[in-house]
Amino acid sequence: MSGALSVVHVLDAAGAAPAGSATPGLVDARDISVDFYLDGVRQRVLDDITLSVPTGSFVSLIGPSGCGKSTLLKVLAGLIAPTEGQVLVNGMEPHAAAKRRVIGLAFQDPTLLPWKNAIENAAFLLMTADDAISQADAEARAAAMLKLVGLDGAERKMPSQLSGGMRQRVAIARALALDPQVLLMDEPFGALDAITREEMSRCLLEIWQRTKKTIVLVTHSIEEAVFLSGEVHVMGGAPARILETLPIALPQPRTPDCITDPAFKAAQQRLRSLLIEGHQRRPA
Ligand code: ADP
Ligand code: MG
């Protein structure tokens, strides 16, 4: 398939999937526990975590710093094997799903190659993952994804010429170029200033609404979680568990002014008190 055609495929798929048509469990984690060993001493970080991420949904994981959010995301991505429990991504073990490009990843650090321009960076993973694709097709798809993240016109810029927000957009375009079914994001806007972060939030909302990718976002921002998510899993305690799964009862499609909705404030307050509870359940 040509790059241009595969882009049409993504956007058509988005159009064909009306809001609310989600079916359960594209990502299913059952009874996940993770132990790490520090100086030979076993430390349980995650305990008995079960969650199900419906196809096409936007789900956030929120919790105190150090509670195990990144660890859980890495388990979902197949980067860490759980000590106990099982994860299935579209019915496959996560590492098998990752190999088949079902999973796309974005982290706080965009990790762009400094000697490649925006389009080459956005095409890079696709070129690596697909031996058969030509550079022209990979770059056509990368260009479409750069457009989707609002970076048309910056395709030939080098990472050093891009702002932090723009670099993160390239990293998201790079993940989307793989056409994954699920995008796992670990505090992707954590290093950005407040205003850029809000801009990126709106950009991500638009990406989700247009592509209908399933998105799991790790964030420590209450506002970001409420604004973007259909459901927020609140983690806390040591070892961490899911303290509560909070559905966000804001209308879809979300618009930037949903922050004035009383349901927004109510969800914010509930998350704040759950986070405080999560802190208190940890050793000082
Ligand atoms: P969060 O993302 O919520 O800030 P992490 O998942 O990064 O938390 O870490 C959870 C806990 O696990 C922390 O105490 C951290 O020090 C520990 N940890 C994370 N990765 C490892 C590792 N590879 N080896 C040992 N301990 C780890
Ligand atoms: Mg983390």
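Residues numbered from 1 in each chain as written. Chains lettered and ligands numbered in written order. Predicted model: local features only at pLDDT ≥ 70, side-chain atom pairs only at ≥ 80, totals over all residues. Heavy atoms only, no water.

A. Broad picture of the pattern of salt bridges. What the rule picks out here adds up to 11 salt bridges. Because the salt bridges share partners, they merge into one network encompassing Asp35, Arg42, Arg44, Asp47, Glu84 and Arg241. (Salt bridge = Lys/Arg side-chain N within 4 Å of Asp/Glu carboxyl O.)

B. Layout of the packing of aromatic side chains. As enumerated under the stated definition, the model contains one aromatic pair in all. One residue, Lys212, lies across the ring of Trp208, its end atom 3.9 Å from the ring centre. (Phe/Tyr/Trp six-rings, centres within 6.5 Å; stacked < 30°, edge-to-face > 60°. Lys NZ or Arg CZ within 6 Å of the ring centre and 35° of its normal.)

C. Here's a closer look at the sheet that holds strand β4 (residues 84–89). Strand order in the open sheet formed by three strands is β2-β1-β4, and the pairing between neighbours is antiparallel. Looking along the sheet, the strands with just one partner apiece sit at the ends: β2 (41–53) and β4. Looking at each pair of strands side by side, their axes are set apart by 30 degrees on average, direction ignored. For strand β1 (residues 27–38) and β2, the ladder comprises nine bridges, and the chain directions are antiparallel. Within β2, the position partnered with Val27 by the bridge is Val53. Contacts from helix α2 (residues 69–77) reach β1, β2 and β4 within the one sheet, and its direction differs from that of β1 by about 120 degrees. (Pairing = 2+ DSSP bridges. Helix = DSSP H or I, 4+ residues; strand = E, 2+ residues; numbered from the N terminus. Axes fitted to C-alpha atoms, helices over the stretch in contact; angles between N-to-C directions. Contact = heavy atoms within 4.5 Å.)

D. Representation of α2 in the model. Burial analysis of α2 places seven of its nine residues in the buried class, which makes it a mostly covered element. Residues of α2 that are buried: Lys69, Thr71, Leu72, Leu73, Val75, Leu76 and Ala77. Gly78 occupies a position one or two residues after α2 and carries a positive phi of about 80 degrees. (Buried < 20%, exposed > 50% of the residue type's maximum accessible area, 1.4 Å probe, protein only.)

E. Highlighting the packing of helix α4 (residues 118–129) against helix α5 (residues 135–148). Contact geometry for α4 and α5: axes closest at 8 Å, N-to-C directions at 120 degrees. With respect to the hand of their crossing, α4 and α5 are arranged in right-handed fashion. Judged by residue contacts, Ala118, Ile119, Glu120, Ala122, Ala123, Leu126 and Met127 of α4 engage Gln135, Ala138, Glu139, Arg141, Ala142, Ala143 and Leu146 from α5. Of the residues contributing to the contact of α4 with α5, the split by class is 10 nonpolar, one polar and three charged. (Left-handed = near helix turned anticlockwise from the far one by under 90°. Nonpolar A, V, L, I, M, F, W, Y, C, P; charged D, E, K, R; others polar.)

F. Fine view of unusual backbone geometry. Of note, the amide linkage connecting Ala238 to Pro239 takes the cis form, showing an omega dihedral of 0 degrees. The residue Pro239 is located in the loop between β8 (231–236) and β9 (241–247) in this model. In this model, Gln252 is joined to Pro253 through a cis peptide bond whose omega is -5 degrees. Mapped onto the elements of the fold, Pro253 is located in the loop between β9 and α9 (262–280). Positive phi is not limited to glycine here, since Asp39 has a value of about 50 degrees. As for its placement among the helices and strands, Asp39 is situated in the loop between β1 and β2. The phi dihedral of Asn90 falls on the positive side, at around 50 degrees, and the residue is not glycine. The partly exposed category is assigned to Asn90, whose relative accessible area is 37%.

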